[in-house]
Amino acid sequence: MIFNNLYRRDQDIPMPVKLSIGLLFLVLIATGLTGLFTYTTLPFYHGPYNYNILPVSPLFELTFLSIAMLGFLAKPLNDRGARMFFLISLVYLITTFFIAYFSSPASIKDYLLAYKAFVYTLLLCFLVNRRAITFPAIKYLLYFMLAIFLIKYGYSRWLNVDERMGSRPGVYMENNFELVFLVLLYFLAIDQLKHKLWTFIIMILVVYLSGSRSAMLCLFAVYFCSAIRTWASVRFRWLLICPFLLLLIASVVLGRMDISMSQIGTQVYHRGEQLFADQGPQEISERHSVSIDNGSPEQQQDTGIDDAPADVTTSDIKAHDDGTLDHSQGSESHDETVSGAEVQQKIGSVDRVKFLHMFLESTQNWHWWNYLVGTKPLTPLSAESCQALSYWGTLFSYENDGRCYSVILHSYLLRGIYDHGLIGLLFLNLFLAYGLWKSGYRKIDIVCVTGVLMLSSLSVSAYNSVFYALTMALYFMTPGNRDPRGRATEAMKQ
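Nothing here was measured: the structure is a model prediction, and the numbers come from that model. Each chain carries its own residue numbering, running from 1 in the direction its sequence is written. Local features in this predicted model are restricted to residues whose pLDDT is 70 or higher, and side-chain atom pairs enter the listing and the counts only when it is 80 or higher, whereas totals over whole chains, interfaces and linings include all residues. Side-chain calculation: all heavy atoms of the structure are included, whereas hydrogens and water are not.

Caption draft 1: Structural view of the environment of Leu70. A run of H or I in DSSP becomes a helix once it reaches four residues, and a run of E becomes a strand once it reaches two; helices and strands are each numbered from the N terminus. Within the fold, Leu70 resides in helix H2 (residues 56–74). Exposure classes here rest on a 1.4 Å probe applied to the protein chains alone. A residue is buried below 20% of its type maximum, exposed above 50%, and partly exposed in between. On the basis of relative accessible area, Leu70 is assigned to the buried category, the value being 19%. Residues Leu70 and Leu19, spaced 51 residues apart in sequence, show a C-alpha to C-alpha distance of 7.6 Å. Every residue pair with non-hydrogen atoms within 4.5 Å of one another is taken to be in contact. Not counting the four nearest positions on each side in its chain, Leu70 is found in contact with Pro16, Leu19 and Ser20.

What follows is the structure, given as structure tokens:
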């Protein structure tokens, strides 16, 4: 049903654009089906990709590159604004590459990970204002993905198939990334949904099963924008959901922080010696460095940075007598009465708080203009910061020289400021807003999409993720509900 009505019939769609749309839908559906039945305890499967038997991250990167190249072949840069963003991105990438290459022995892979968002911007310029996909195709794609996600998340949590999937299930890769795609796909299709409220309730269930804090916040942003868009017709029913949604958000956030009114979570000890969960950077030794669940460092790097576990907290690490670590909740926990200092200490052990602390430590000697333009291309974090974050050792430099770059901070808000400055982040958001406006979307749509990505960037890579590129490809190639003059359009009904 999805493939029967992919393209708009009210205009002549170039063949390369038709091929790119078909390729995008085919890859999303095929990898979704393989992810539905993939888990790490499969008797015939022992690969490094916990969530999907296929190498989804490189496959999606290749798919997006193919879509952009097909868009280039169809009619390259037919918009003046897109040409401007293309040229600025190209000059910026060339300049920073030569500075990074000749000033330090950095790996090209390290450079691409740091500047991937601008590579995506460069390629997305070929897709601005294509308006070729029909809204019924988007609607049925959403129904398909909701079913896949609900089934996979449901049986993973219910059956507890393995330690990772039992708490943080995923279809394509880590759910912090794929859920941003699903949430924005829902927002794209919402005007075509027959049962908006029930579909949103299923969305709530899927996100709640994921255990992702950032996804819950993104869903609330979409809820708020959706209520504004459909205010007249479903005002009362949307408002009824609000307290329930806020309660779920609080449940996920507090549950992940592992803080309660009467207890403080697991304290991490190693042979009577407290590990780095409660220590300063100077006390962390190299013996605490471990690899990530997704296989060896080489396997983890092959899957792309976005497969790194983004929500591991140091309170989730249990030390064994042989010095190895795992993510399970240790049995050596003990109950204590919570004091203000203990709560502050517990919050300080949350990974995102640690990343922020390391960012502030690495930028404490910055001048005001550094916050505007960032550091010199591929400037590593301080040695103390890298040592303090040695748990995420697979995110260190590809050169294996002990250096780490901003990618280890996970949050793209921190990474973007460190590498590109506030001006770089502003450029990415201006391109996003321009591309959506030229593709026919309203102001509330632009605010919502930008807001969701900014909320996601508080936790994970957002603009640097291939899911961002695929989401924007769908948005740019689907006609918005406003023509360039601001009037309502009938394109949605095609």
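Caption draft 2: Representation of the confidence of the model for the protein. The pLDDT value tells you how sure the predictor is about a given residue, anywhere from 0 up to 100. Looking at the protein as a whole, the pLDDT averages 76, with 70% of positions reaching at least 70. Element-level mean pLDDT values for the protein span from 32 in strand S1 (residues 269–270) up to 96 in helix H17 (residues 421–438). Within the model, pLDDT remains below 50 along residues 483–488, and this stretch shows five contacts once partners closer than five positions in the same chain are excluded.

Caption draft 3: Highlighting H2. Residue count minus one, scaled by 1.5 Å, sets the expected span of a helix. With 19 residues, H2 ought to run about 27 Å at 1.5 Å a step, and its terminal C-alpha atoms sit 27 Å apart, in line with that. Within H2, the full set of buried residues consists of Val56, Ser57, Phe60, Thr63, Phe64, Ile67, Ala68, Leu70 and Gly71. Looking down the long axis of H2, one finds its buried residues gathered within 160 degrees of arc, a one-sided arrangement. Exposed residues pointing more than 90 degrees away from the buried face of H2 are listed as Leu62 and Leu73. Against helix H1 (15–36), helix H4 (108–124) and helix H19 (466–476) lie the buried residues of H2. By definition, the arc is the one covered by directions from the helix axis to the C-beta atoms.

Caption draft 4: Seen up close, the state of the cysteines. Two cysteine sulfur atoms form a disulfide, by the criterion used here, when they sit within 2.5 Å. A complete count under the given rule lists one disulfide for this structure. What pairs with Cys386 in a disulfide is Cys404, and their sulfur atoms sit 2.0 Å apart. Because the sign of the S-S torsion sets the handedness, a value of about -95 degrees for the bond joining Cys386 and Cys404 places this disulfide among the left-handed ones. Of this pair, Cys386 sits in helix H15 (residues 383–388) while Cys404 is found in the loop between H15 and helix H16 (412–419), placing the two residues 18 residues apart along the sequence. The same class applies to Cys386 and to Cys404, which are both buried. The thiol of Cys218 is unpaired, and the distance to the nearest cysteine sulfur, on Cys448, comes to 9.4 Å. Note on Cys448: no disulfide assigned, nearest cysteine sulfur contributed by Cys225 at a separation of 3.4 Å. According to the relative accessible area criterion, Cys448 is buried, its value standing at 1%.

Caption draft 5: Representation of the packing of helix H5 (residues 135–159) against helix H8 (residues 196–210) in the model. All axes are obtained by fitting lines to C-alpha atoms, using only the stretch in contact for helices, and the reported angles, taken between N-to-C directions, cover 0 to 180 degrees. Where H5 meets H8, the axes come as close as 9 Å, and the angle between the chain directions of the two elements is 40 degrees. Crossing of H5 against H8: the hand is left-handed. Residues Leu142, Tyr143, Leu146, Phe149, Leu150, Tyr153, Gly154 and Arg157 of H5 pack against Thr199, Ile202, Met203, Leu205, Val206, Tyr208, Leu209 and Ser210 of H8. Throughout this entry, Asp, Glu, Lys and Arg are counted as charged residues, while Ala, Val, Leu, Ile, Met, Phe, Trp, Tyr, Cys and Pro are counted as nonpolar. The remaining residues, Gly among them, count as polar. Its residues placed into classes, the contact of H5 with H8 shows 12 nonpolar, three polar and one charged. In this scheme, a crossing is called left-handed if the near helix is turned counterclockwise away from the far one by less than a right angle; it is called right-handed if the turn is clockwise.

Caption draft 6: Examining the packing of aromatic side chains more closely. Any two rings among Phe, Tyr and Trp, with Trp reduced to its six-membered ring, count as a pair given centres within 6.5 Å; such a pair is stacked if its planes are under 30 degrees apart, edge-to-face if over 60, and tilted if neither. On inspection of all chains with the given rule, the structure shows 34 aromatic pairs. Note on Phe355 and Trp392: the rings are 5.0 Å apart at their centroids and 65 degrees apart in plane angle, and the pair reads as edge-to-face. Highlighted residues: Phe355 in helix H13 (residues 351–362) and Trp392 in the loop between H15 and H16, separated in sequence by 37 residues. Accessibility assignment for this pair places Phe355 and Trp392 in one class, buried. Ring geometry for Trp366 against Tyr371: centres 5.0 Å apart, planes inclined by 70 degrees, an arrangement best described as edge-to-face.

Caption draft 7: Main features of unusual backbone geometry. We note that Arg131 has phi near 50 degrees; this positive angle belongs to a residue other than glycine. Here Arg131 lies in the loop between H4 and H5. Residue Arg131 is classed as buried on the basis of its relative accessible area of 15%. At His410, a position not held by glycine, the phi torsion is positive, near 65 degrees. Relative to the assigned elements, His410 resides in the loop between H15 and H16.

Caption draft 8: The arrangement of the nonpolar core in detail. Among buried residues, those of type Ala, Val, Leu, Ile, Met, Phe, Trp, Tyr and Cys that are joined through side-chain atoms within 4.5 Å constitute a nonpolar core. In this structure, Leu474 and Tyr475 are the most contacted members of the largest nonpolar core, which totals 131 residues. Contact partners of Tyr475, with chain neighbours within four places excluded, come to Leu184, Phe187, Leu188, Leu436, Ser439, Tyr441 and Val449.

Caption draft 9: Up close: the environment of Trp369. Mapped onto the secondary structure, Trp369 falls in helix H14 (residues 368–373). Between the C-alpha atom of Trp369 and that of Leu422, which follows or precedes it by 53 residues, the distance is 9.7 Å.

Caption draft 10: Region of interest: the pattern of salt bridges. Between Lys or Arg on one side and Asp or Glu on the other, a salt bridge is scored when a side-chain nitrogen of the former is within 4 Å of a carboxyl oxygen of the latter. One pass over the full model with this rule turns up five salt bridges. For Asp79, the salt bridge identified is with Lys438, shortest N-O distance 3.4 Å. Of the two residues, Asp79 is situated in the loop between H2 and helix H3 (80–103) and Lys438 in helix H17; the sequence distance between them amounts to 359 residues. Looking at Asp79, the relative accessible area reads 10%, which means it is buried. For Asp191, the salt bridge is made with Arg442, and the minimal N-O distance between the two is 3.8 Å. With Asp191 in the loop between helix H7 (175–189) and H8 and Arg442 in the loop between H17 and helix H18 (443–457), this pair connects stretches of sequence that are 251 residues apart. The exposure class assigned to Arg442 is partly exposed, which follows from its relative accessible area of 29%. One continuous salt-bridge network, built from bridges that share partners, spans Asp191, Arg442 and Asp445.

Caption draft 11: Here's a closer look at H17. Its 18 residues give H17 an end-to-end C-alpha distance of 26 Å, which sits within 8% of 26 Å, the value for a rise of 1.5 Å per residue. Residues Gly421, Gly424, Leu425, Phe427, Leu428, Asn429, Phe431, Leu432, Gly435 and Leu436 constitute the buried set of H17. Where the residues of H17 are buried, they touch H3, H4, H14, H16, H18 and H19. Of the residues flanking the end of H17, it is Gly440, one or two places downstream, whose phi is positive at about 100 degrees.

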